[in-house]
Amino acid sequence: MIVCVAVVGHQNNPLYLQSFTAADDALKLHHIIHCSLDVVDERVNNPKKSGPTLNETFLGMLYPTENYKVYGYLTNTKVKFLMVTTDLEVKDADVRSFFRKFHAAFVDAVSNPFHVPGKKITSKIFAERISGIVKSFGSVTAG
């Protein structure tokens, strides 16, 4: 089950963060997202040590904890998408598919002429679309 998704700008500024769990976990999830940014930077700046090629946008599992796993995706413009899940066994193909849909929703949101680049995404349509993608991810992995 996905408990949190985040979009982080190229200067590590938070553009969007949505939690799908109780409010008391929100601070813990913010901390997990923040910690995983160091792993993203390490993989981007030292590609030989981490495995994926420079053209690969899917970063894989970034930061496993006792209860959560964080997966990452990096766009060509250095915007980072992060997903925190409680599932212990998640297929990479499912996560890649999730990030492709997430990226498409992000592109649609920032293509809005009223969106200011580099500012937080406040679109209700984007939030609803992300919620739908998250719900469909949960049903796909359960079945």
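- Looking up the protein chain in an unreviewed UniProt entry gives the name Trafficking protein particle complex subunit 2-like protein, with the organism given as Canna indica.
- In its Sequence similarities (unreviewed entry) section, the UniProt entry covering the protein chain states "Belongs to the TRAPP small subunits family. Sedlin subfamily."

**What about the overall build of the protein chain?**
Okay, step 1: Broken down by element type, the protein chain carries four helices and five strands.
Okay, step 2: Counting helices and strands in the order they occur from the N terminus, the protein chain gives β-β-α-α-β-β-β-α-α.
Okay, step 3: Across the protein chain, contacts joining residues at least 24 apart in sequence account for 55% of those joining residues at least 6 apart.
Okay, step 4: A total of about 8,400 Å² of accessible surface is found on the protein chain, and carbon and sulfur atoms cover 55% of it.

**Some thoughts on the packing of aromatic side chains**
Okay, step 1: Inspection of every chain in the model, using the stated rule, returns 10 aromatic pairs.
Okay, step 2: When the centroid spacing of 6.4 Å and the interplanar angle of 25° are considered together, the rings of phenylalanine 102 and phenylalanine 126 count as stacked. Note that phenylalanine 102 is positioned in helix α3 (residues 92-110) and phenylalanine 126 in helix α4 (residues 124-142), a separation of 24 residues in sequence.
Okay, step 3: Take phenylalanine 102: its relative accessible area is 0%, and that puts it in the buried class.
Okay, step 4: Among the aromatic residues, those joined into a cluster by ring pairs are Tyr16, Phe58, Tyr73, Phe81, Phe98, Phe99, Phe102, Phe106, Phe126 and Phe137.

**Thoughts on the sheet that holds strand β3 (residues 58-64)**
Okay, step 1: The strand order across the open sheet formed by five strands is β2-β1-β5-β4-β3, and the pairing between neighbours is antiparallel. Lying at the two open borders of the sheet, with one neighbouring strand each, are β2 (14-19) and β3. Along the sheet, successive strands turn relative to each other by an average axial angle of 15°, direction set aside.
Okay, step 2: The pairing of β3 with strand β4 (residues 69-74) spans five bridges and is classified as antiparallel. Across the sheet, the residue bridging to tyrosine 63 is valine 70, located in β4.
Okay, step 3: Relative to the sheet, helix α1 (residues 26-45) contacts β1 (2-8), β2, β3, β4 and β5 (80-85), its axis offset from that of β3 by approximately 130°.
Okay, step 4: Sheet strands in contact with α3 are β1, β3, β4 and β5, and its direction is about 130° off that of β5.

**Observations concerning the pairing of β4**
Okay, step 1: With six of six residues buried, β4 is to be regarded as a mostly interior element.
Okay, step 2: Alternating residues of β4 divide into Lys69, Tyr71 and Tyr73 and Val70, Gly72 and Leu74, and every residue in both groups is buried.
Okay, step 3: If you look at the hairpin formed by β3 and β4, you'll find four residues sitting between the two strands.
Okay, step 4: Where β4 lies against β5, six bridges are found, and the strand directions are antiparallel. Residue pairing across strands places tyrosine 71 opposite methionine 83, the latter belonging to β5.

What counts as what
Residues numbered from 1 in each chain as written. Predicted model: local features only at pLDDT ≥ 70, side-chain atom pairs only at ≥ 80, totals over all residues. Heavy atoms only, no water. UniProt positions renumbered as here; feature names shortened; annotations may be inferred. Helix = DSSP H or I, 4+ residues; strand = E, 2+ residues; numbered from the N terminus. Contact = heavy atoms within 4.5 Å. Areas by Shrake-Rupley, 256 points an atom, 1.4 Å probe, with all protein chains shown as cover. Phe/Tyr/Trp six-rings, centres within 6.5 Å; stacked < 30°, edge-to-face > 60°. Buried < 20%, exposed > 50% of the residue type's maximum accessible area, 1.4 Å probe, protein only. Pairing = 2+ DSSP bridges. Axes fitted to C-alpha atoms, helices over the stretch in contact; angles between N-to-C directions.

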